[in-house]
Amino acid sequence: AQSVAQPEDQVNVAEGNPLTVKCTYSVSGNPYLFWYVQYPNRGLQFLLKYITGDNLVKGSYGFEAEFNKSQTSFHLKKPSALVSDSALYFCAVREGEWGFQKLVFGTGTRLLVSP
Amino acid sequence: GAGVSQSPSNKVTEKGKDVELRCDPISGHTALYWYRQSLGQGLEFLIYFQGNSAPDKSGLPSDRFSAERTGGSVSTLTIQRTQQEDSAVYLCASSLGGQGRNEQFFGPGTRLTVL
């Protein structure tokens, strides 16, 4: 079965500093990887995805993620954090055969950006 | 622009009662998903619809849970004889059909509390 792991429950960073939220994956075949963000009392919002192509994927709100096949990682990054980036971040991988698209989510990482 | 909508936003019910949760996907999205988010279990996949059929019901936790989708649009998740462990946020998502490359767009969720 496909799976992703988010090793950090929480990441703290000062505003203006770069941030990284870690995700590693375990898949058979080609991975389809996603990052979502959840603000308090809101649903999940799509940030970015890796399907094929360039290993550096750019997404919404200035976020990007680097797909690293040798390290089986898909870390989320942003060069300069904002207080408004404080939220819960989920990494996810598609599981299932062609046409079956359910997502398997990591446990989530809470990002706290201090002023 | 119309996103995924869910109703009700909050539902409080007594143990043993039946509840119905509704999801209106984005127009034109053929795939629809239900997930459950709870403190102890994180984000769990429940069921996936492609059109009106449900090729993957593997995540439904018990036979008290059922879902249907009509007209390739609205979906209803029904929980019969609710139990306290059913308390969670139920999230609906939709996506363009296909090969799993398409991101899922999530609704705001229904917070279910079983007393």
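Please refer to the structure higher up on the page.
Anyway, here's the lowdown on the structure attached to this text. Sequence positions are assigned chain by chain, starting from 1 and proceeding in written order. Chain A is the first chain written and ligand 1 is the first ligand written, with later ones labelled in order. Given that this is a predicted model, residues contribute local features only at a pLDDT of at least 70 and side-chain atom pairs are listed and counted only at 80 or more, while totals for whole chains, interfaces and linings are drawn from all residues. Think of the side-chain values as coming from all heavy atoms in the structure, minus any hydrogens and water.

1. Some words on the interface of chain B and chain A
- Residues count as neighbours in contact if any of their non-hydrogen atoms are within 4.5 Å of one another. Tallying the contact residues gives 26 residues for chain B and 21 residues for chain A.
- Here chain B packs against chain A, burying approximately 2,000 Å² in sum over the two surfaces, 53% of which is carbon and sulfur.
- We count a salt bridge whenever a side-chain nitrogen from Lys or Arg sits within 4 Å of a carboxyl oxygen from Asp or Glu. For the interface between chain B and chain A, the tally reads two salt bridges.
- The shortest N-O distance in the salt bridge between Lys49(A) and Glu103(B) comes to 2.7 Å.
- Polar contact is the term for a pair of N or O atoms within 3.5 Å; when the atoms are in protein, one must be able to donate a hydrogen and the other to accept it, and sequence-neighboring residues count only if both atoms are side-chain atoms. Taken together, the links from chain B to chain A amount to five residue pairs in polar contact (both at pLDDT 80 or more).
- Listing elements by their share of the side of chain B that touches chain A, those giving two or more residues are β4 (31-38), β5 (42-50), β6 (53-56) and β9 (88-95) of chain B.
- Here the nonpolar group is Ala, Val, Leu, Ile, Met, Phe, Trp, Tyr, Cys and Pro; Asp, Glu, Lys and Arg are the charged ones; every other residue, Gly included, is treated as polar. By residue class, the composition of the side of chain B that touches chain A is eleven nonpolar, eleven polar and four charged. Two parts placed together each lose some accessible area; with a 1.4 Å probe, that loss summed over both constitutes the buried area. The helix and strand labels rest on DSSP assignments: H or I over at least four residues marks a helix, E over at least two residues marks a strand, and numbering proceeds from the N terminus.

2. A short note on unusual backbone geometry
- Residues Ser7(B) and Pro8(B) are joined by a peptide bond in cis, for which omega reads -10°.
- Structurally, Pro8(B) can be placed in the loop between β1 (5-7) and β2 (10-13).
- The residue Tyr61(A) is not glycine, and still its phi comes out positive at about 60°.
- Within the secondary structure, Tyr61(A) sits in the loop between β7 (56-58) and β8 (64-68).
- Here the phi dihedral of Thr72(A) falls at roughly 45°; this positive angle occurs in a residue that is not glycine.
- Each residue is placed in one exposure class: buried if its accessible area under a 1.4 Å probe, protein chains only, is under 20% of its type's maximum, exposed if it is over 50%, and partly exposed if it falls in between. Judged by its relative accessible area of 30%, Thr72(A) falls in the partly exposed class.

3. Digging into the sheet that holds strand β7 (residues 65-69) of chain B
All names here are of chain B.
- Here we have four strands laid out as an open sheet, ordered β1-β3-β8-β7, and antiparallel in their pairing. Of all the strands in the sheet, the pair left with one neighbour each is β1 and β7. Averaged over all pairs of adjacent strands, the angle between their axes in this sheet comes to 15°, without regard to strand direction. In this description, strands pair whenever DSSP reports at least two bridges between them. To get an axis, a line is fitted to the C-alpha atoms, and for a helix only the part in contact is used. The angle between two axes follows their N-to-C directions and goes from 0 to 180 degrees.

4. Some thoughts on the side chain of Ser73(A)
All names here are of chain A.
- On the secondary structure map, Ser73 appears in strand β9 (residues 73-78).
- Residue classification places Ser73 among the buried positions, given a relative accessible area of 4%.
- Once residues within four sequence positions are removed from consideration, Ser73 is found in contact with Cys23, Thr24, Tyr25, Glu66, Phe67 and Asn68.

5. A few points about the pattern of salt bridges
Residue and element names in this part refer to chain B.
- This model, assessed by the stated rule, comprises eight salt bridges over all chains.
- The residue Glu44 makes a salt bridge to Arg36 at a minimum N-O spacing of 3.1 Å.
- Note on Glu44: relative accessible area 21%, which makes it partly exposed.

6. Digging into the nonpolar core
- By size, the foremost hydrophobic cluster in this structure holds 27 residues, and its most contacted members are Leu33(A), Trp35(A), Leu47(A), Leu48(A), Phe74(A), Leu76(A) and Tyr89(A).
- Of all the secondary-structure elements, those providing two or more residues to this core are β2 (10-14), β3 (19-21), β5 (33-38), β6 (44-50), β8, β9, β10 (87-94) and β12 (109-114) of chain A.
- Here the element with the most residues in this core is β10(A); it accounts for four residues.
- Look past the residues within four positions of Tyr89(A) in its chain and what remains in contact with it is Gln6(A), Val21(A), Trp35(A), Tyr36(A), Val37(A), Leu47(A), Phe63(A), Leu76(A), Gly108(A), Thr109(A) and Leu111(A).
- Counting residues in each nonpolar core, the second largest holds 21 residues, with Ile51(A), Phe90(A), Leu103(A) and Phe106(B) among its members. For the purposes of this section, nonpolar cores are sets of buried Ala, Val, Leu, Ile, Met, Phe, Trp, Tyr and Cys residues that join through side-chain atoms within 4.5 Å.

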